[in-house]
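# Summary of the model geometry
Each chain, letter by letter, is given below.
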Amino acid sequence: MAGRQQILRAATRAAAGPRLTRSSIQSSLPSTTRSITTSTPRFVTPSKGRRNKNDPFHDSSSATLGTPGYDHEGSQARTDNTIVVEYPDDQQDFPTEPVLQGRGGPHLKRTLPTFSLEGRVAVVTGGARGLGLVMAQSLVASGADVAIVDLNKEEAESSAKAIVDQFKTDNPNAESYDRKKFASAKKEGVFRVPNVTAHHCDVSDPPSVESTLSDIIGKHSKIDHLVTSAGFTENYDAISYPYERMKKLWGVNVDGTYLFATGVAKHLMERKSTSGSMVFIGSMSGAIVNVPQPQAPYNAAKAAVRHLAASCAVEWAHANIRVNCISPGYMLTALTRKILDENAELNKTWTSLIPMGKMGRPEDLMGPVTFLLSDASLYVTGADLRVDGGYTCT
């Protein structure tokens, strides 16, 4: 066995060809080429400027496998076999965990009330129709006041009015009053009519975003939560995609998310808020490639949204701002229904790829968005919640 392994190693070295050294590589490069580094090379001893023979990467990158504790850039991202955590042998020696208490104890809220958004103000971009409209309704149902932002001002105003009218229909005893002035005098069992406002905005335009945020703060006095639902998709093959259309798609899906997120984050930091949270609406397309329709730029844009959420979550954690992402699968919005009604074969293809065998309803996002914005998810940030019927599992 040992002889066979030696033969294999010798064959591998022979197949690899001559060993490249730094000097041999540099000698083959044009004289105008400059080497660029951002940190001290690992094969150089900083104090003496020569190769460090103690460096575990001296021979190959695999030389450090199973060798913990070495001094190298990646050392903090690897396991260390010298670390031993001792647990009690007898389970009776395990420390006990106190039972969480309900009302009257240190945990004053039961589980369900932690989902409440009472007293909060939420902004929903792309909230005049589709998924954005349904999520705006879920936030109102959870107690929040909502600012609907959309490029179509008339539709945003109509949707805002429709939400309030529906709330009054569902809650005939609801009363309209200023939350700050009369919250303490609220009658038991009487709901307050929500303040739902409409705002026109081009989410891809910085001045428009800045003006809209100022308008929202002027009407609501603050912003606590953000849902970035503004976005659209188009189906072109990558080679034929008109460049100007692609820039517009990225402007709405990616730039719009970034501009609103940074604007709201700045406001939350200035207020020193401890309950700020955001949900970026991505897509399962940010993690997989949809078939059969071609949509490469959209897929890439939603991947950017997903990773932007994770990056902002880390960057703003110090300010108590949580940022998460929801990645919906195929949802039967009014637009999707229209498309599939005209293309039965596409409908069949899509549903055949979903383990649950059906497409989602916009209402399926109401619970997830409320959860991620509310205090029910206080230790959840940087997460991507896929609501796709299991599509991305296969």
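Residues numbered from 1 in each chain as written. Predicted model: local features only at pLDDT ≥ 70, side-chain atom pairs only at ≥ 80, totals over all residues. Heavy atoms only, no water.

- Going by an unreviewed UniProt entry, the protein carries the name D-arabinitol dehydrogenase and comes from Lithohypha guttulata.
- Under the UniProt heading Sequence similarities (unreviewed entry), the note attached to the protein is "Belongs to the short-chain dehydrogenases/reductases (SDR) family." (UniProt positions renumbered as here; feature names shortened; annotations may be inferred.)

## Some points on the overall build of the protein
- Secondary structure summary: the protein contains eleven helices and seven strands in total.
- Looking at the protein as a whole, 38% of its 394 residues are labelled buried.
- Long-range pairs, those at least 24 residues apart, make up 69% of the contacts in the protein with a sequence separation of at least 6.
- With the model as given, the accessible surface of the protein reaches about 24,200 Å², and the carbon-plus-sulfur share is 54%. (Helix = DSSP H or I, 4+ residues; strand = E, 2+ residues; numbered from the N terminus. Buried < 20%, exposed > 50% of the residue type's maximum accessible area, 1.4 Å probe, protein only. Contact = heavy atoms within 4.5 Å. Areas by Shrake-Rupley, 256 points an atom, 1.4 Å probe, with all protein chains shown as cover.)

## Here's the deal with the confidence of the model for the protein
- Considering every residue of the protein, the mean pLDDT works out to 83; 73% of them sit at 70 or more.
- Note on residues 20-49: pLDDT is under 50 here. Beyond four places in sequence and across chains, it has 18 contacts.
- Predicted confidence is poor over residues 57-66, with pLDDT under 50, and the contacts of this stretch with residues over four places away or in other chains come to 14 contacts. (pLDDT = per-residue confidence, 0-100.)

## Details of helix 8 (residues 296-316)
- Over its 21 residues, helix 8 extends 30 Å from the first C-alpha to the last, a length consistent with the 30 Å expected when each residue adds 1.5 Å.
- All of the buried residues in helix 8 are Pro297, Tyr298, Asn299, Ala301, Lys302, Val305, Leu308, Ala309, Cys312, Ala313 and Trp316.
- Where helix 8 is buried, its residues touch helix 7 (243-271), strand 5 (277-281) and strand 6 (322-328). (Expected span 1.5 Å × (residues − 1).)

## Focus on the pattern of salt bridges
- Summed over all chains, the structure comprises 13 salt bridges.
- A salt bridge links Asp375 to Arg120; its shortest N-O distance comes to 3.2 Å. Taken as a pair, Asp375 in the loop between helix 11 (366-373) and strand 7 (384-387) and Arg120 in the loop between helix 2 (22-28) and strand 1 (121-125) lie far apart in primary sequence, 255 residues in all.
- By relative accessible area, Arg120 is classed as buried at 12%.
- Notably, a salt bridge pairs Lys219 with Asp215, separated by 3.9 Å at the nearest N-O pair. (Salt bridge = Lys/Arg side-chain N within 4 Å of Asp/Glu carboxyl O.)

## Some thoughts on the sheet that holds strand 1
- Taking strand neighbours across the sheet as the criterion, the seven strands line up as 3-2-1-4-5-6-7 in an open arrangement whose pairing is parallel. One side of each edge strand has no neighbouring strand; the edge strands of this open sheet are strand 3 (196-200) and strand 7. Each strand of the sheet is rotated relative to its neighbour by a mean of 20 degrees, with strand direction disregarded.
- Those strands touched by helix 7 are strand 1, strand 2 (145-150), strand 4 (225-228) and strand 5, and its axis lies near 180 degrees from that of strand 5. (Pairing = 2+ DSSP bridges. Axes fitted to C-alpha atoms, helices over the stretch in contact; angles between N-to-C directions.)

## Digging into the packing of aromatic side chains
- Tallying each qualifying case throughout the model produces four aromatic pairs.
- Taken together, a centroid distance of 6.1 Å and an interplanar angle of 35 degrees make the contact between Phe115 and Phe371 tilted. With Phe115 in the loop between helix 2 and strand 1 and Phe371 in helix 11, this pair connects stretches of sequence that are 256 residues apart.
- Note on Phe371: relative accessible area 25%, which makes it partly exposed.
- Joined through ring pairs, the aromatic side chains of Tyr330, Trp350 and Tyr391 make up one cluster. (Phe/Tyr/Trp six-rings, centres within 6.5 Å; stacked < 30°, edge-to-face > 60°.)

## Some thoughts on the layout of surface pockets
- Its boundaries defined by the atoms lining it, the largest pocket holds a volume of some 1,400 Å³.
- Lining of the largest pocket is provided by 45 residues; of these, Gly231, Phe232, Thr233, Tyr298 and Leu335 occupy positions nearest its centre.
- In terms of residue class, the lining of the largest pocket is made up of 19 nonpolar, 19 polar and seven charged. (1 Å grid on protein atoms, 1.4 Å probe; cavity = no way out; pocket = protein on both sides within 12 Å on 5 of 7 lines; lining within 4 Å. Points joined across faces, edges and corners; volume = space filled by probe spheres on them. Nonpolar A, V, L, I, M, F, W, Y, C, P; charged D, E, K, R; others polar.)

## Here we look at the pairing of strand 1
- Of all five residues making up strand 1, five are buried, and the element is well covered by its neighbours.
- Residues of strand 1 alternate between two faces, with Val121, Val123 and Thr125 on one and Ala122 and Val124 on the opposite face, all of them buried.
- Examined bridge by bridge, strand 1 and strand 2 share five bridges and lie parallel to one another. Within strand 2, the residue paired with Val123 across the bridge is Ala147.
- What joins strand 1 to strand 2 is helix 3 (residues 130-141), and the crossover it makes is right-handed.
- As paired strands, strand 1 and strand 4 are joined by four bridges and run parallel to one another. Bridge pairing links Val124 to Val227 in strand 4. (Right-handed = clockwise from strand over helix to strand, strands pointing away.)

## What to know about the nonpolar core
- Val123, Phe260, Met278, Phe280, Trp316, Ile321 and Val323 are the most contacted members of the largest nonpolar core, which has 35 residues in total.
- Here this core takes nine residues from helix 7, the largest share from any one element.
- With sequence-adjacent residues up to four places away left out, Trp316 is seen in contact with Ala261, Thr262, Ala265, Met269, Met278, Ile321 and Val323.
- With 31 residues, the next largest nonpolar core counts Ala136, Ala144, Ala198 and Leu373 among its residues. (Core = buried A, V, L, I, M, F, W, Y, C linked by side-chain atoms within 4.5 Å.)

## Concerning a negative patch on the surface
- Where like charges cluster on the molecular surface, the negative patch consists of Glu86, Asp89, Asp90 and Asp93.
- Look at Glu86 and you get exposed, because its relative accessible area is 74%. (Patch = residues over 30% accessible without salt bridge, like charges linked within 9 Å, V, L, I, M, F, W, Y side chains within 5 Å. Lys, Arg positive; Asp, Glu negative; His and termini not counted. Charge placed at Lys NZ, Arg CZ, Asp CG, Glu CD.)

## Points about a nonpolar patch on the surface
- A contiguous nonpolar patch, built from Ile83, Val85, Tyr87 and Phe94 and spanning about 460 Å² of accessible area, is present on the exposed surface.
- Position of Ile83 relative to the elements: it lies in the loop between helix 2 and strand 1.

## Observations regarding helix 7
- Taking 1.5 Å of rise per residue, the 29 residues of helix 7 would be expected to cover 42 Å, and the 40 Å separating its terminal C-alpha atoms lies within 8% of that figure.
- Where helix 7 bends most, the angle comes to about 35 degrees, and this point is Gly251.
- Taken from the residues just after helix 7, Lys272 is the one with a positive phi, measuring 55 degrees. (Bend = angle between axes of the 7 residues up to and from the residue.)

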